[in-house]
Amino acid sequence: MQIFEHFEPVAPPLLTQPALAERLGSKVRFHTLSRGWNDILGVRHDVILAGIPTIHEPEEAQLSKPIIDKMRNFLYDFYAWDHNLRLADAGNFISSGDAENDKLNLKACIQDLLTLAQVVILIGADNSATVHVAETLAAKGKTLDICLADAVFKYSGTYFNSFELNPLFLDILLEKFPRELNLMSFIGIQNFLNPPGIWRQFEKYMFDILRLSDYRSQPEEAEPLIRPANIFCLDISALESSFVPELQNKRPNGFNGVEACRLARYAGMSGSLTCFHVHQIMPEKIINSTPVLPQTLAQIVWHCLDGLANRLVESLDFQGPDYISYAVHLNSIPDRDLMFYRNRITERWWMEVPYFSDSNMENIKLVPCSISDYHKAIRGECPERWWRAFKRLNN
């Protein structure tokens, strides 16, 4: 495994008595200097955490690495509550100083991490790791459902200013995976940071976009966007500055800590999640005092783990006893009723969306939705989520 050569070990946190067994750190298998990978290998873990300091600039890696390590200290000192997750920590990726070699090495390491655990949590400065996760999943024949929590569209048309650390990120995803990319959604977008042309272009792609103000007023509307995602990415600079004051690129407005933790928990509870990635961790300088940023990161990761620990395995037998079906007739769609399904156990909602194959055979796809979509339908309105899904599937 390439990961053996390119990850440095992490020192297990020193946990205080008498609550040792109740702390998260007591439940983690670590890659350590003394035991190497012995405690991690041979077990298929539920979750493995890895630090990915930037691979482009060694100087920036020296800034982000201490934040990642301080995050571990806070995270592993939190209480674990009652869960049986098999957790592992791989340590931090080691940069060679050569950006091209680092890209190849990181790609190989991502493949190893996805072999070692069902879910990989990546914490770092660079969002290129998301591309490597997507490449690995695509190579296995999996479709890509990606949800991005960010304030801006990192696309070539975006204004190149001090806020944009990697403006071609979305170009790479859209260009590399034209067939594999099934769905892309955005949460937290702020209009004044994005040119209208990019917004209109993504609307033509029928991407689901939830603005920051809409998420703040109706946070439950984020859950259907996150539920199908096998890759969830949170740009930490999308949080408001008071929660990430050490960042180089911070803004006065953005997600607050509670909103970011809610997104993380939604991601953990999704049965589709393969990778949870928090990126753009680039502090202004090395912080030796007790900083806020690592505490914010630790709480976000804890809530993702809490979501994973409380996952409810949801039957997708929509004709079974777990579901209640609702048929709604709309005058604007006269040839069919809109079918909604509510899970009695999880209270999650789904809706039927028809699509037609190359042979013009009709098929049905069940798409995650919310109760607000059902309420719109019974008022005689066609839910926007249904219409976007219909256009996307029949494009």
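Up top you'll find the structure we're talking about.
What counts and what doesn't
- Residues numbered from 1 in each chain as written.
- Predicted model: local features only at pLDDT ≥ 70, side-chain atom pairs only at ≥ 80, totals over all residues.
- Heavy atoms only, no water.
- Phe/Tyr/Trp six-rings, centres within 6.5 Å; stacked < 30°, edge-to-face > 60°.
- Helix = DSSP H or I, 4+ residues; strand = E, 2+ residues; numbered from the N terminus.
- Buried < 20%, exposed > 50% of the residue type's maximum accessible area, 1.4 Å probe, protein only.
- Polar contact = N/O pair within 3.5 Å; in protein donor to acceptor, adjacent residues only side chain to side chain.
- Core = buried A, V, L, I, M, F, W, Y, C linked by side-chain atoms within 4.5 Å.
- Contact = heavy atoms within 4.5 Å.
- Pairing = 2+ DSSP bridges.
- Right-handed = clockwise from strand over helix to strand, strands pointing away.
- Salt bridge = Lys/Arg side-chain N within 4 Å of Asp/Glu carboxyl O.
- Axes fitted to C-alpha atoms, helices over the stretch in contact; angles between N-to-C directions.
- Parallel < 35°, antiparallel > 145°, perpendicular 65-115°, else oblique.
- Left-handed = near helix turned anticlockwise from the far one by under 90°.
- Nonpolar A, V, L, I, M, F, W, Y, C, P; charged D, E, K, R; others polar.

(A) Representation of the packing of aromatic side chains. Here the structure, examined in full by the defined rule, presents 23 aromatic pairs. Between F7 and F93 the ring centres are 5.9 Å apart and the planes differ by 70 degrees, which places this aromatic pair in the edge-to-face class. Highlighted residues: F7 in strand β1 (residues 7-8) and F93 in strand β4 (residues 87-93), separated in sequence by 86 residues. Assessed through its relative accessible area of 5%, F93 is described here as buried. Measuring from ring centre to ring centre gives 5.1 Å for W349 and Y374, while their planes differ by 25 degrees; the resulting arrangement is stacked. On the criterion of sequence distance, the pair formed by W349 in strand β13 (residues 349-356) and Y374 in helix α11 (residues 371-378) is long-range, its members being 25 residues apart.

(B) The side chain of H83, seen in detail. Tracing the sequence through the fold places H83 in the loop between α2 (58-75) and β4. By relative accessible area, which is 11% here, H83 ends up buried. Here L85 takes part through its backbone nitrogen, which lies 3.3 Å from a polar atom of the side chain of H83.

(C) Region of the structure containing the nonpolar core. Ranked by size, the top nonpolar core spans 56 residues in total, and within it I187, F232, I236, F255, F276 and I300 carry the most contacts. The contact partners of F232, leaving out residues within four places of it in the chain, are C147, A149, I226, L263, A267, L273, C275, F276 and H277. With 46 residues, the next largest nonpolar core counts I3, I48, A90 and L122 among its residues.

(D) How the structure looks around the environment of K250. For K250, the position within the fold is in the loop between β9 (231-235) and α9 (257-269). Distance from K250 to I48, taken between C-alpha atoms, is 28 Å for residues 202 residues apart in sequence. Within the local environment of K250, its side chain forms a polar contact with the backbone oxygen of P245, the two atoms lying 3.3 Å apart. At a separation of 2.9 Å, a polar atom in the side chain of K250 contacts the main-chain carbonyl oxygen of L247.

(E) Here's a closer look at the pairing of strand β8 (residues 208-211). Sheet topology places strand β7 (residues 181-189) next to β8; four bridges connect them, and they run parallel. In the strand pairing of β8, I189 is matched with R211. Between the parallel elements β7 and β8, the chain passes through helix α6 (residues 196-204) in a crossover that is right-handed.

(F) Representation of the pairing of strand β11 (residues 323-330) in the model. As judged from the eight bridges shared by β11 and strand β12 (residues 333-343), these two strands associate in the antiparallel manner. Across the sheet, residue Y323 finds its bridge partner in β12, namely N343. Where β11 folds back onto β12 in an antiparallel hairpin, the turn is made up of two residues.

(G) Spotlight on the pattern of salt bridges. With the rule as written, the count across this model stands at 25 salt bridges. For E100, the salt bridge goes to K103, with nearest N and O atoms at 3.7 Å. Of this pair, E100 and K103 are both found in helix α3 (residues 99-116), three residues apart, which corresponds to roughly one turn of the helix. The exposure class assigned to E100 is exposed, which follows from its relative accessible area of 51%.

(H) Spotlight on α11. Of all the residues in α11, the buried ones are S372, D373, Y374 and A377. G380 sits one or two positions beyond α11 and adopts a positive phi of about 90 degrees.

(I) The packing of α9 against helix α10 (residues 293-309), seen in detail. Remark: α9 packs on α10, axes separated minimally by 6 Å, with the N-to-C direction vectors making an angle of 30 degrees. In this view, α9 runs roughly parallel relative to α10, as classed from their interaxial angle. Along this stretch, α9 crosses α10, giving a crossing that reads as right-handed. Mapping the contact onto sequence places A260, C261, A264, R265, G268 and M269 in α9 and Q299, I300, H303, C304, D306, G307 and L308 in α10. A breakdown of the residues in the contact of α9 with α10 according to their chemical character gives seven nonpolar, four polar and two charged.

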